[in-house]
Amino acid sequence: MQRIRLRYTKRGRLRFTSHRDFQRAFERALRRAEVPMAYSAGFTPHPKVSYANAAPTGVGSEAEYLEIALTAQRDPEKLRALLDESLPTGLDIIDAVEARTSGLADRLTASVWELRLDGVTVDAAEKAVATFLAAETVEVQRKTKNGMRTFDTRGAVAELQALPPQADRPLDDACAILRLVVRHLTPAVRPDDVLSGLRAVADLAPPVPAAVTRLAQGLFDEESGTVTDPLAPDREAAPAAPQTAAGTVSATAPEGPAA
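Residues numbered from 1 in each chain as written. Predicted model: local features only at pLDDT ≥ 70, side-chain atom pairs only at ≥ 80, totals over all residues. Heavy atoms only, no water.

Q: Would you take a moment to explain unusual backbone geometry for this structure?
A: Negative phi values dominate among residues other than glycine, just as trans dominates among peptide bonds. Of note, the amide linkage connecting Thr186 to Pro187 takes the cis form, showing an omega dihedral of 0°. With respect to the helices and strands, the residue Pro187 is situated in the loop between strand S9 (175-183) and helix H5 (191-202). Unlike most non-glycine residues, Glu34 shows phi in positive territory, near 55°. Take Glu34: its relative accessible area is 66%, and that puts it in the exposed class. Within the chain, Asp203 stands out as a residue other than glycine whose phi angle is a positive 55°. (Helix = DSSP H or I, 4+ residues; strand = E, 2+ residues; numbered from the N terminus. Buried < 20%, exposed > 50% of the residue type's maximum accessible area, 1.4 Å probe, protein only.)

Here is the structure:
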């Protein structure tokens, strides 16, 4: 059995696709691409697909991950291209590697988020960020399927900064960008929880809902404060390309002097 790990996106209007809708679309893509899927046993066999830490409905993402099990060997890049062609634009398969290590979900310990705050000036956002970071705890409440839960948003945020928007916006159009790194804790703290925390401690209340996009997720490096690529260990574990009979000599030999 071969295992392939895929990175996919949720862009544009497809950010409003629920996780269940994506599951249905992805399983249709598997059938269209004629992928030799492994199936579970029992009375209702289903394709062996493992989803890891999917983004909430309404949130865009550049870094969603899943793993599939195959009954026959396939080239990861060719498989990626076939699946990408079989999915609607916006749900794009952008990376594929053969799984050569264990614990993909264990390497998803943090996410990098971008929140676009239309109607909020960069100065106001910077002041709110400074107040938030200076607090020891910032607790908010959110209703979950198990009832009301309290979250310490400050403890989950490893990094938070306010940035100006891209140059494509008019200078008189107020807009601030929040870039934050959120650790994956239990209970999970979401970007909207952080916005609730900013509202609680700094009275930051955007006049319109924030546009939220996950830029990356992976293992959080405490020393550098960065989120690393979770597929990198699988690439590093791939066997080296076989050498030629001449050892490490390049495939094209230098030309000798003209006769």
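Q: Whenever I open this one, the environment of Leu79 confuses me. Can you help?
A: Mapped onto the secondary structure, Leu79 falls in helix H2 (residues 76-86). Look at Leu79 and you get buried, because its relative accessible area is 4%. Beyond its immediate chain neighbours, meaning those up to four positions away, Leu79 contacts Ile4, Val35, Ile68 and Leu70. (Contact = heavy atoms within 4.5 Å.)

Q: Is there a simple way to explain the pattern of salt bridges in this structure?
A: Pairing between side chains of opposite charge can happen when their charged atoms approach one another. Inspection of every chain in the model, using the stated rule, returns 18 salt bridges. Between Arg100 and Glu98 there is a salt bridge whose closest N-O contact spans 3.1 Å. A relative accessible area of 37% places Arg100 in the partly exposed class. We note a salt bridge from Arg116 to Asp118, for which the minimum N-O separation is 3.9 Å. Taken together, the shared-partner salt bridges in this structure form one network comprising Arg3, Arg5, Glu67, Arg107 and Asp234. (Salt bridge = Lys/Arg side-chain N within 4 Å of Asp/Glu carboxyl O.)

Q: So what exactly am I meant to see when it comes to the side chain of Ser86 here?
A: Assignment of secondary structure puts Ser86 in helix H2. Looking at Ser86, the relative accessible area reads 14%, which means it is buried. Every residue in contact with Ser86, bar those within four places of it in the chain, is listed here: Ala29, Arg32 and Ala33.

Q: Where do I start with the nonpolar core in this structure?
A: What tends to happen in soluble globular proteins is that the nonpolar side chains get buried as a cluster. Within the largest apolar cluster, 27 residues are counted, with the highest numbers of intra-cluster contacts made by Leu115, Leu160, Leu178, Leu180 and Leu198. For this core, the secondary-structure elements that each account for two or more residues are strand S5 (110-118), helix H3 (122-134), strand S8 (157-163), S9 and H5. Those residues within four positions of Leu115 in sequence are excluded, and the remaining contacts are Ala176, Ile177, Leu178, Leu180, Pro191, Leu195, Ala211 and Val212. Counting residues in each nonpolar core, the second largest holds 21 residues, with Ala25, Phe26, Leu66 and Ala96 among its members. (Core = buried A, V, L, I, M, F, W, Y, C linked by side-chain atoms within 4.5 Å.)

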